[in-house]
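Here are the chains, one letter per residue:
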Amino acid sequence: MILVTGASSSPGFKILARLRAEGRDVLGVYNQHPVESSVRWDLARDPVGILEQYKPDAVIHAAALGDVDKCEEDPALCHRINAVVTREIARWCARRGARLVYISTDYVFPGDRGSYKEEDPPKPINYYGLTKLLGEEAVLAAGGAVVRVAWIYGLGPGRQNFGRVVVERLSRGEEVRAVADQWGSPTLNTLIGEAAAKLLAADYSGVLHAAGPRLSRYEFALAIAEAFGLSKDLVKPIKMADLSFKAPRPRDSSLDSSRAEKMLGIPFSDIRYALAIFKREWEAGSHASGQL
Ligand SMILES: NC(=O)c1ccc[n+]([C@@H]2O[C@H](COP(=O)([O-])OP(=O)(O)OC[C@H]3O[C@@H](n4cnc5c(N)ncnc54)[C@H](OP(=O)(O)O)[C@@H]3O)[C@@H](O)[C@H]2O)c1
């Protein structure tokens, strides 16, 4: 049996959906936002009780405190969920011989040059990144796989995301202000679901980057407008300095995902491929629900 934590998050939900579609025996874990095929469990209170109860052969750990500014405001909670819970899950998996795949982030990098490869040294510049890196270290020590993704967009449950905001605003004829001097690797949640399922089957350990191509938010918004046949003129460039956040943001945290592209056969670097899937899902009207 495969247990997926963070089943109510954008990537966790798609991982659960993908595994279910493959006919795998899978159970999700959520905390505050119920989704189908899942049970409620507060991992911060008890990180491994749910594992003891179901004794999974594999765990895909996507639960986190993913709000980067909240992590800066409440470092104790952030450390508990991202570092301590991950460490306890990793130790449990090592003891039981269960496979572990950990969903991690581009924010382990400082953002000084971008196009980071798996072997580049991490050096986080905010508390979220630091606690996710501590989680990674525990997972690697336990022989698990670390899958770094970035700038997640797509449909389904979870917090609002930039990709969805762009489609919603442009569809209403509203302007979109998008940062043109910050780069990342926008990643469709559906492709994370596919990558996690394939990685589990491949029995991979170590770090793997599984993220989209290097784009600024401005370039990404233009690509969305093009893919959806919406007005590019409504997309306006702004600067990073025009926005203020509690937590510092890396300027270029883009990831080089060529290894995953070859290994998993998923065209991560092709934004048009990902946006075509996003558009199909949008047209199918699956954006609002937590239905699998
Ligand atoms: N968002 C991005 O662009 C991005 C980029 C790179 C990597 N990631 C990674 O992707 C994963 C999901 O991120 P996200 O941004 O979508 O996060 P999110 O919106 O903050 O969702 C976090 C998930 O963790 C669950 N969770 C939090 N505290 C929990 C607790 N005490 N017990 C049980 N479950 C708990 C939440 O459940 P409830 O909602 O039910 O409470 C939710 O399913 C994380 O591992 C994150 O580091 C995200």
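Here, every reference points to the structure presented above.
A few points on the structure. Every chain is numbered independently, its residues counted from 1 as its sequence is written. Selection of residues for local features in this predicted model requires a pLDDT of at least 70, selection of side-chain atom pairs for listing and counting requires 80 or more, and totals for whole chains, interfaces and linings are taken over all residues.

1. Side note on the sheet that holds strand β3 (residues 38-40)
Here's step 1: With parallel pairing, 7 strands are arranged side by side in an open sheet as β3-β2-β1-β4-β5-β6-β11. Looking along the sheet, the strands with just one partner apiece sit at the ends: β3 and β11 (206-209). Strand-to-strand, the axes of this sheet are offset by a mean angle of 20°, without reference to chain direction.
Here's step 2: Two strands qualify as a pair provided DSSP detects at least 2 bridges between them. Comment: elements are numbered from the N terminus, with helices defined as DSSP H or I runs of at least four residues and strands as E runs of at least two. Pairing analysis gives 4 bridges linking strand β6 (residues 145-149) to β11, with the strands arranged parallel. Bridge pairing in β11 links Ala-145 to Gly-206.
Here's step 3: Contacts from helix α4 (residues 75-96) reach β4 (58-61) and β5 (99-105), with the element oriented near 165° to β4.
Here's step 4: Contacts are defined on C-beta atoms placed from the backbone: any two residues whose C-beta positions lie within 7 Å are in contact. Only the stretch in contact is used when a helix axis is fitted, and all axes are lines through C-alpha atoms; the angle between N-to-C directions ranges over 0 to 180 degrees. Contacts from helix α5 (residues 127-141) reach β5 and β6, with the element oriented near 160° to β5.

2. Section: the packing of helix α8 (residues 217-228) against helix α10 (residues 271-283)
Here's step 1: In contact at an axis separation of 10 Å, α8 and α10 are set at 55° when each is read in the N-to-C sense. Relative to α10, the element α8 is oriented oblique. In terms of crossing hand, the pair formed by α8 and α10 is right-handed. Every residue of α10 that contacts α8 at Ala-223, Ile-224, Ala-227 and Phe-228 is listed here: Ile-271, Arg-272, Leu-275, Ala-276 and Lys-279.
Here's step 2: For this classification, the nonpolar set comprises Ala, Val, Leu, Ile, Met, Phe, Trp, Tyr, Cys and Pro, the charged set comprises Asp, Glu, Lys and Arg, and every other residue, Gly included, is treated as polar. Considering only residue class, the contact of α8 with α10 consists of 7 nonpolar, no polar and 2 charged. Small angles under 35 degrees read as roughly parallel and large ones over 145 as roughly antiparallel, with 65 to 115 read as roughly perpendicular and the rest as oblique. Two helices that cross are described as forming a left-handed crossing if the nearer one is turned anticlockwise from the farther one by less than a right angle, and a right-handed crossing if clockwise.

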